[in-house]
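Fold and contact review
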2 protein chains.
Amino acid sequence: MKKIEGGVTAAQGYQAASAAAEIKYKGRTDMALVYTEKPAVFGGTFTTNVVKAAPVHWDKELLEKGNPVHAVVLNSGIANACTGEEGKTLNYTMASEVAGQFGIQPEQVLTASTGVIGMQLPKDSLVRGAGLLKEALSPGKEAGTEAAKAIMTTDTISKEAAVSFEVDGTTVTVGGMSKGSGMIHPNMATMLSVTTTDAAIDREDLQELVSSAVEDSFNMISVDRDTSTNDTYLVLANGAAGVTIKKGTKAYEDFREALFHVSTELAKKMAGDGEGCTKRMEVQVIHCQSKEKAKRLSKSVITSNLVKAALYGSDANWGRILCALGYAGEEFNPERVDLTIEAEGESLLLFKDGVVTGYSEEKATEILGKKEIVILCDMKEGEASATAWGCDLTHEYVNINADYRS
Amino acid sequence: MKKIEGGVTAAQGYQAASAAAEIKYKGRTDMALVYTEKPAVFGGTFTTNVVKAAPVHWDKELLEKGNPVHAVVLNSGIANACTGEEGKTLNYTMASEVAGQFGIQPEQVLTASTGVIGMQLPKDSLVRGAGLLKEALSPGKEAGTEAAKAIMTTDTISKEAAVSFEVDGTTVTVGGMSKGSGMIHPNMATMLSVTTTDAAIDREDLQELVSSAVEDSFNMISVDRDTSTNDTYLVLANGAAGVTIKKGTKAYEDFREALFHVSTELAKKMAGDGEGCTKRMEVQVIHCQSKEKAKRLSKSVITSNLVKAALYGSDANWGRILCALGYAGEEFNPERVDLTIEAEGESLLLFKDGVVTGYSEEKATEILGKKEIVILCDMKEGEASATAWGCDLTHEYVNINADYRS
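For clarity, every value in this text was computed on a predicted model and none was experimentally measured. (Residues numbered from 1 in each chain as written. Chains lettered and ligands numbered in written order. Predicted model: local features only at pLDDT ≥ 70, side-chain atom pairs only at ≥ 80, totals over all residues. Heavy atoms only, no water.)

What to know about the overall build of chain A
- Helix and strand counts for chain A stand at 11 helices and 17 strands.
- Against the 2.2 N^0.38 benchmark of 22 Å for 406 residues, chain A shows a C-alpha radius of gyration of 22 Å, consistent with a compact globule.
- Projected onto the principal axes, the alpha-carbon positions of chain A cover approximately 70 × 55 × 35 Å.
- Sorting the 406 residues of chain A into buried and exposed places 64% on the buried side.
- The long-range fraction of contacts in chain A, counting pairs at least 24 apart against all pairs at least 6 apart in sequence, stands at 79%.
- Surface summary for chain A: the accessible area is close to 13,400 Å², and the carbon and sulfur share equals 49%.
- Separation of charge centres in chain A, based on 41 positive and 56 negative side chains, amounts to 1 Å. (Helix = DSSP H or I, 4+ residues; strand = E, 2+ residues; numbered from the N terminus. Rg over C-alpha atoms; globule rule 2.2 N^0.38 Å. Buried < 20%, exposed > 50% of the residue type's maximum accessible area, 1.4 Å probe, protein only. Contact = heavy atoms within 4.5 Å. Areas by Shrake-Rupley, 256 points an atom, 1.4 Å probe, with all protein chains shown as cover. Lys, Arg positive; Asp, Glu negative; His and termini not counted. Charge placed at Lys NZ, Arg CZ, Asp CG, Glu CD.)

Overview of the environment of B:Gly44
Residue and element names in this part refer to chain B.
- By secondary structure assignment, the location of Gly 44 is in strand β3 (residues 31–46).
- Separated by 65 residues in sequence, Gly 44 and Val 109 have C-alpha atoms that sit 14 Å apart.
- Those residues in contact with Gly 44 that lie beyond four places of it in its chain are Leu 63, Gln 207, Val 210, Tyr 233 and Leu 234.

Some points on the packing of aromatic side chains
- Tallied over the full model, the rule gives eight aromatic pairs over all chains.
- Both rings, one in A:Trp58 and one in A:Tyr92, keep their centres 5.6 Å apart while their planes meet at 85°; by these two values the pair is edge-to-face. Separated by 34 residues along the polypeptide, A:Trp58 in helix α1 (residues 54–65) and A:Tyr92 in helix α2 (residues 84–102) bring together distant segments of the chain.
- Judged by relative accessible area, which is 38%, A:Tyr92 ranks as partly exposed.
- Of note, A:Arg256 hangs over the ring of A:Phe260, and the distance from its end group to the ring centre comes to 4.2 Å.
- The ring of B:Phe102 has B:Lys134 sitting right over it, with the charged end atom 5.2 Å from the ring centre. (Phe/Tyr/Trp six-rings, centres within 6.5 Å; stacked < 30°, edge-to-face > 60°. Lys NZ or Arg CZ within 6 Å of the ring centre and 35° of its normal.)

Points about the relation of the copies chain A and chain B
- Each copy of the sequence occupies a distinct position, and chain A is placed on chain B by a rotation of 180° and an axial shift of 0.0 Å, giving an RMSD of 0.0 Å. Accordingly, the operation relating the two chain copies is best matched by a two-fold axis. Residues of chain A ranked by C-alpha distance from the rotation axis are headed by A:His395, positioned 2.8 Å from it.
- Here 96% of the contact residues of chain A are again contact residues in chain B; the copies associate through an equivalent surface. (Least-squares fit on C-alpha atoms with pLDDT ≥ 70 in both.)

Some thoughts on the interface of chain A and chain B
- Taken together, the 57 residues of chain A in the interface contact 55 residues of chain B.
- In this assembly, chain A and chain B are joined by zero salt bridges.
- The interface formed by chain A and chain B contains five residue pairs in polar contact (both at pLDDT 80 or more).
- Here the side of chain A that touches chain B is built from residues that sort into 27 nonpolar, 21 polar and nine charged. (Salt bridge = Lys/Arg side-chain N within 4 Å of Asp/Glu carboxyl O. Polar contact = N/O pair within 3.5 Å; in protein donor to acceptor, adjacent residues only side chain to side chain. Nonpolar A, V, L, I, M, F, W, Y, C, P; charged D, E, K, R; others polar.)

Quick look at helix α7 (residues 291–302) of chain B
Residues and elements named next belong to chain B.
- Helix length check: α7, at 12 residues, gives a terminal C-alpha distance of 16 Å against a target of 16 Å (1.5 Å per residue), a fit within 8%.
- Restricting attention to buried positions, one finds in α7 the residues Lys 293, Ala 294, Lys 295, Leu 297, Ser 298, Ser 300, Val 301 and Ile 302.
- Where α7 is buried, its residues touch α5 (203–216), β12 (280–288), α8 (305–312), α9 (318–326) and β17 (384–391). (Expected span 1.5 Å × (residues − 1).)

Some details on the confidence of the model for chain A
- Here chain A averages 92 in pLDDT, and 96% of its residues register 70 or above.
- Across the predicted assembly, pTM comes out at 0.82 and ipTM at 0.77. (pLDDT = per-residue confidence, 0-100.)

Section: the pattern of salt bridges
- Counted according to the given criterion, the structure contains 46 salt bridges over all chains.
- For B:Lys159, the salt bridge goes to B:Asp155, with nearest N and O atoms at 2.7 Å.
- For B:Lys159, a relative accessible area of 0% translates into the label buried.
- A relative accessible area of 7% means that B:Asp155 is categorised as buried.
- Across the pair B:Asp353 and B:Lys380 runs a salt bridge whose closest N-O atoms are separated by 2.4 Å. One end of the pair, B:Asp353, is in the loop between β14 (346–352) and β15 (355–356); the other, B:Lys380, is in the loop between β16 (372–378) and β17, and 27 residues separate them in sequence.
- Here the salt bridges share partners, and the residues they tie into one network are A:Glu215, A:Asp216, A:Lys291 and A:Lys295.

Things to note about the sheet that holds strand β12 (residues 280–288) of chain A
Residue and element names in this part refer to chain A.
- Pairing is mixed across the open sheet formed by six strands, whose spatial order is β15-β14-β13-β16-β12-β17. Looking at the sheet topology across the chains shown, the edges are occupied by β15 (355–356) and β17 (384–391).
- As paired elements, strand β13 (residues 338–343) and strand β14 (residues 346–352) share five bridges and run antiparallel to each other. From the neighbouring strand, Leu 339 faces β14, where its bridge partner is Phe 351. (Pairing = 2+ DSSP bridges.)

Structural notes on the pairing of strand β16 (residues 372–378) of chain A
Residues and elements named next belong to chain A.
- In terms of burial, β16 is a largely internal element, six of the seven residues being buried.
- Relative to β16, β12 runs parallel, the two sharing seven bridges. Counted as the bridge partner of Glu 282 is Val 374 from β16.
- Sheet topology places β13 next to β16; five bridges connect them, and they run antiparallel. Among the inter-strand pairings, Leu 339 is bridged to a residue of β16, identified as Cys 377.

Some words on the packing of helix α11 (residues 395–402) of chain A against α8(B)
- For the pair α11(A) and α8(B), interaxial distance at closest approach is 8 Å and the crossing angle is 75°. The angle between α11(A) and α8(B) falls in the class roughly perpendicular. Within the contact between the two elements, α11(A) uses A:Tyr397, A:Val398, A:Asn401 and A:Ala402 and α8(B) uses B:Asn305, B:Leu306, B:Ala309, B:Ala310 and B:Tyr312.
- Looking at the contact of α11(A) with α8(B), its residues break down into seven nonpolar, two polar and no charged. (Axes fitted to C-alpha atoms, helices over the stretch in contact; angles between N-to-C directions. Parallel < 35°, antiparallel > 145°, perpendicular 65-115°, else oblique.)

What to know about α1(A)
- Spanning 12 residues, α1(A) covers 17 Å between terminal C-alpha atoms, matching the ideal 16 Å at 1.5 Å per step.
- On its buried side, α1(A) packs onto β3 (31–46), α2, β5 (109–116), α5 (203–216) and β10 (232–237) of chain A.

Comments concerning unusual backbone geometry
Residue and element names in this part refer to chain A.
- Phi is positive for Cys 82, close to 55°, though the residue is something other than glycine.
- With respect to the helices, strands and loops of the structure, Cys 82 is situated in the loop between β4 (69–78) and α2.
- Here Cys 82 falls in the buried class, since its relative accessible area comes to 11%.

A short note on the sheet that holds β15(B)
Residues and elements named next belong to chain B.
- With respect to topology, six strands assemble into an open sheet ordered β15-β14-β13-β16-β12-β17, the strand pairing being mixed. If you trace the sheet from one side to the other, it starts and ends with β15 and β17, each paired once.
- Across the sheet, helix α6 (residues 250–271) is in contact with β12 and β17; its angle to β17 comes to roughly 40°.

Structural notes on the packing of α1(A) against α2(A)
Residues and elements named next belong to chain A.
- Two elements in contact, α1 and α2, have axes whose closest approach is 9 Å; the angle formed by their N-to-C orientations is 60°. One element, α1, and the other, α2, form an angle in the oblique class. Pair α1 / α2 crosses with right-handed handedness. Taking contact as the criterion, the partners of Ala 54, Pro 55 and Trp 58 in α1 are, on α2, Gly 87, Lys 88, Asn 91, Tyr 92 and Ala 95.
- Here the contact of α1 with α2 is built from residues that sort into five nonpolar, two polar and one charged. (Left-handed = near helix turned anticlockwise from the far one by under 90°.)

Observations regarding the environment of A:Thr29
Residue and element names in this part refer to chain A.
- Position of Thr 29 among the secondary structure elements: in the loop between β2 (14–19) and β3.
- Looking at Thr 29, the relative accessible area reads 23%, which means it is partly exposed.
- As for Thr 29 and Leu 368, which are separated by 339 residues in sequence, their C-alpha atoms are 37 Å apart.
- In this structure, Thr 29 is in contact with Ser 18, Ala 19, Ala 20, Ser 76, Lys 149 and Ala 150, ignoring residues within four places of it in sequence.

In structure tokens, the structure reads:
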């Protein structure tokens, strides 16, 4: 498997476009399109929130029907959530306007929206946007990057990742884009991710891979605290590479690895771009009884306001880490836990077998002053492990969210 | 039932004291004692955190044995959590030094600590403190208030509540104190609460009442996000009033009401004193299918960083409220929910039957600018309801917690 440049246009047969349709923002692009002339089977996972945006309902219906699609159209600025019947109609307009441009059916166009909840999408923007997207469509890497930028909201950087691998001498590529901050937000930092591949794969197999990929990537960043109404992860496979991925083969394992790598890279980029965050936190729980338990423990630490605020202050407040493990709802023996912090190759043991070590606070502060911090929790009770990603809690986070909509 | 002044010394037969023992702080009181010469039966509830402080283990043991007690000794500054065997020994010292002053057994003295995790209590301070507490002991209201002050950490106000009611012409009193911020913290804003009553009651009946009282009060403030290693709620009943409370009588119902009132008042005071908070948020979920469901929904809103930050900015971001309801893990129909904000007698309907109302943003901002905000979520599906209390998320919260220990 080889890391390569690019995103949704990295795989063969995919084109992308972005447009300034003035959905809500002025002077920036706010619509994006991913298109494949060769129809693609697709898999997807969506928000577990009871409150689901119109595009989520639409995509879920199409996923159940299971017919191939040609495009994904996305917009930023307005989430089209809590918009009632009018919202459903406008989401259909978004799909049908794009379909009209390509002479395909609306049911062959997936949709995704992110932005303010409760506002209606302006119909004229959707119409104009569809035309602009058709004109701007290009297979180039640049077009993929521009699409990734068009779906940004409070993101500070666009997020892409791509890898390729060989199957009997033929190159297969998996590439994707996503938007969303480490602390996923219900109305502006929704997580949206579109991944494309030129492999051919049975759609049930693809869905199975998509569902498990999300578990170890997007579901392991600190989203569980505020699960968006719009979270959407779509993977399209158009078979343009001429390689079919069959279960039980090495190609399947390679494809699996490629898909997991792209989703994990995108997840980590989101965690590192948390609203107002100054550093990324990676929490590894190792030697745990079960993977599920390790996941719950690592997520509990990653989402603790106290751990996040201490990280912001570069304060080695190991008590808060141990405490967050303690209220995860899992049994363990605190007298056995070891806590270590790591950054840039340096590591420091803070807590061992139930008591604090004689660590140097200066050293701890130095390590916590880095940009990418690892908190290692050794449970010393088993073989399972899990990793979660998050970020610190800062003044800027409060600034961004105290008066978001103005 | 009549609200009265005072706290732990309001009921007959109780004395209180505070002392500056220099546990960790200098120039302020940091130890408190509640004493009753007449032995008291007691009930208690403690943190659910897997990581429990030494005093929590001690009190739980005494609760299991079920023998009457004479005193509760508390300290602030150091939590005596994650302190291993030495911590257990020092907790025993804390109890036995007080016991020595009164010629009673260490097992007749309950303990509670709050402060930094991982530090050991200084033995000489415990010894000196016990003597000072004995000297300062007084039945006056002032002594109770001073005790409430001595256990404060990041609290900005001391917290007391008391009520009395009549049983066949005899006055029965229930009074208590607590410390802790609305956003309960693992290492400094632990919730500690001691309530006293001069009623006589069977200890099983008392424990049953204590366990249910905590469910609707202390467990309904936003503690579930960061559950302390030290959270402790103790209720002592010494029978000094000469009235015995028997199950199935009106006296029992009156006592129940009194105990619930005191615990709820103390809980609300904690919510309103959240670290760095500028306003209190009360979330009422009404017309819900079940009480458990209403509790989970209200807690989900009260603990959402996004709702809390929006409240700080007086931003009527109803989308975040609906979203927080949506990820509570409960099923409901978003198309039926109504959201209303209230403050100082004014109220404003923001969201009705799945869509936003034409409410005035100015009016909403005006209401959210008040000090005590009520968010009313009408599920329109049943008869159950629940109320949770919390506060806003502010810059000051980040200041307090970004570098707490220095």
